[in-house]
Amino acid sequence: FFSNRLPIIKCLTVLSTFATLVLLALTSSTPTTLPSHVRVNMSSVTTLLNAAQFRTILFSPLSLGLVWEHGASIIIRDMRQSLKLFQTWREEMNALPMAQKCWDDGVQSGRIIAVHDNNNAHERAFDLYLPKRKRRHQHRTNYSQKKKKQGLIFLPGLMVDHHAYANCAKRLANRGIIVVVVSAEPLRLPAKFLGCDAADVRQIQKCAEATLLRDCYINGGGDDVEWSLGGHSFGAYRAMALAKELNVRKLIIWAAGKLEEFVPNYLRSDDAHEIRVLAIQADRDGICSFSSEMEYAKFKRSMPSDAVHYMVKGGNHAGFASYPTNSFDIESRISRNVQHRLVCGWTAKFLVNGA
């Protein structure tokens, strides 16, 4: 355990020692010698030096060179390696050309609206996927007179480019579902305090409703849309954590559930029946797969009794979106188009019919 961490321990020791010496030097007065309680803890040579001499030695090129070699340089090197690894992960999770083309075509046709909050454009940015209109000249007051439209606020996976969900979001929009794909840029981490807490999701919902009202997709207010919450991978875990606080009635889980510690207890509580859950897994998921049937059965027992479960035979983790399969995942045995069709079909059926 400690063999791999010796450079870090050494670095922290040198830096803490240097910081202590700096404080002693700065707090000591120039004409006097070091205090007696300091002399006890230092070598006999150092105790004979006055504060001015002590500061001269402390900030000498030799002393600063030792701190740089064994301290600061290690931290900078590790930071550069971490940033390089972070950049590599981001590039691996970028949207495939098929998804980028789908997004570009949708923006040009007006079926996709890229929305940014004026106060915080990065954390509250999202893409709004609109269903097809039945008639272009239809009046606002006649467009939504039968029943509420179904809306889905979707949180992306860890490090995944939100454009990678363009193909799936478009399929759901073609089924009449309003889809909001949240952007977790620039860190691509859908987490609390990074643009994906309850307040941010509520703000996203309000911005989406204002855009829908402006474009005459709804009559007015949130009463025209029944919003559900969903996510993929890490985004699904975040959606589970937010579902009760946001008081959503339907929760969509794509490729998540293996990490039991991230499954909220409310799903096993007495009021769990108030939230309907759809959980879709893939049997060749190399990231969030279950190691055995018993583990999968345990996950099912943690969900509400009326939860709906599906398993994509031959699908993998990246197949829930459109980004390259990375080294942690398993190669899929079905095409990405087939997996999208299955997943989106089950999701649309659940949102519209509740089954």
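Just so it is clear, the model here is predicted, and its values are computed rather than measured.

Student: Can you help me understand helix H8 (residues 166–174) in this one?
Tutor: Residues three or four positions apart in an α-helix share a direction because the helix packs 3.6 residues into each turn. Residues of H8 that are buried: Ala166, Asn167, Cys168, Ala169, Leu172 and Ala173. The secondary structure elements touched by the buried residues of H8 are helix H6 (97–109), strand E2 (126–129), strand E3 (149–155), strand E4 (178–182), strand E6 (250–254) and helix H12 (336–353). Two residues or fewer past H8, Gly176 is found with a positive phi of approximately 90°.

Student: Would you mind going over the packing of helix H9 (residues 198–214) against helix H10 (residues 234–246) with me for this structure?
Tutor: For any two helices packed against each other, the geometry is given by the interaxial angle and the distance between the axes. In the contact formed by H9 and H10, the axes pass within 10 Å of each other and the chain directions differ by 70°. Overall, the two elements H9 and H10 adopt an arrangement that is roughly perpendicular. Within the contact between the two elements, H9 uses Ala198, Val201 and Arg202 and H10 uses Leu242, Glu245 and Leu246. In terms of residue class, the contact of H9 with H10 is made up of 4 nonpolar, no polar and 2 charged.

Student: Quick question: what am I supposed to make of the pattern of salt bridges here?
Tutor: Counted by the stated rule, this structure contains 4 salt bridges. One salt bridge in this structure joins Asp105 and Lys101, with 2.9 Å as the shortest N-O distance. Of the two residues, Asp105 and Lys101 both sit in helix H6, 4 residues apart, roughly one turn of that helix. Its relative accessible area of 35% is what places Asp105 among the partly exposed residues.

Student: Help me understand the packing of H8 against H12 in this model?
Tutor: H12 packs onto H8 with a crossing angle of 45° between their chain directions and a minimal axis gap of 9 Å. Comparing their axes, H12 and H8 come out oblique. Crossing of H8 against H12: the hand is right-handed. Contact with H8, carried on its side by Asn167, Cys168, Arg171 and Leu172, involves Asn337, His340, Arg341, Cys344, Thr347 and Ala348 of H12 and no other residues of that element. Broken down by class, the residue content of the contact of H8 with H12 amounts to 4 nonpolar, 4 polar and 2 charged.

Student: Could you clarify how one ought to interpret the environment of Gly286 in this entry?
Tutor: Residue position: Gly286 is located in the loop between strand E7 (276–282) and helix H11 (293–302). Relative accessible area serves as the criterion here: at 31%, Gly286 is assigned to the partly exposed category. Counting along the chain gives 41 residues from Gly286 to Ser327, while the straight-line C-alpha distance between them is 9.0 Å. If we skip the residues at most four places from it in the chain, Gly286 touches Phe328, Asp329 and Ile330.

Student: Would you mind going over the sheet that holds E3 with me for this structure?
Tutor: Backbone-to-backbone hydrogen bonds join strands into a sheet, with any given pair of strands oriented parallel or antiparallel. Spatially, E1-E2-E4-E3-E5-E6-E7-E8 is the arrangement adopted by the 8 strands of the open sheet, whose pairing is mixed. Two strands in the sheet have a free side with no partner beyond their single neighbour: strand E1 (112–115) and strand E8 (308–312). Here the strands of the sheet are splayed against their neighbours by 20° on average, with no regard to which way each runs. Of the strand pairs in this sheet, E1 and E2 are connected by 4 bridges, and their pairing is antiparallel. Bridge pairing in E2 places Ile113 opposite Leu128. Contacts from H9 reach E1, E2, E3, E4 and strand E5 (225–232) within the one sheet, and its direction differs from that of E2 by about 40°.

The rules behind these values
Residues numbered from 1 in each chain as written. Predicted model: local features only at pLDDT ≥ 70, side-chain atom pairs only at ≥ 80, totals over all residues. Heavy atoms only, no water. Buried < 20%, exposed > 50% of the residue type's maximum accessible area, 1.4 Å probe, protein only. Helix = DSSP H or I, 4+ residues; strand = E, 2+ residues; numbered from the N terminus. Contact = heavy atoms within 4.5 Å. Axes fitted to C-alpha atoms, helices over the stretch in contact; angles between N-to-C directions. Parallel < 35°, antiparallel > 145°, perpendicular 65-115°, else oblique. Nonpolar A, V, L, I, M, F, W, Y, C, P; charged D, E, K, R; others polar. Salt bridge = Lys/Arg side-chain N within 4 Å of Asp/Glu carboxyl O. Left-handed = near helix turned anticlockwise from the far one by under 90°. Pairing = 2+ DSSP bridges.

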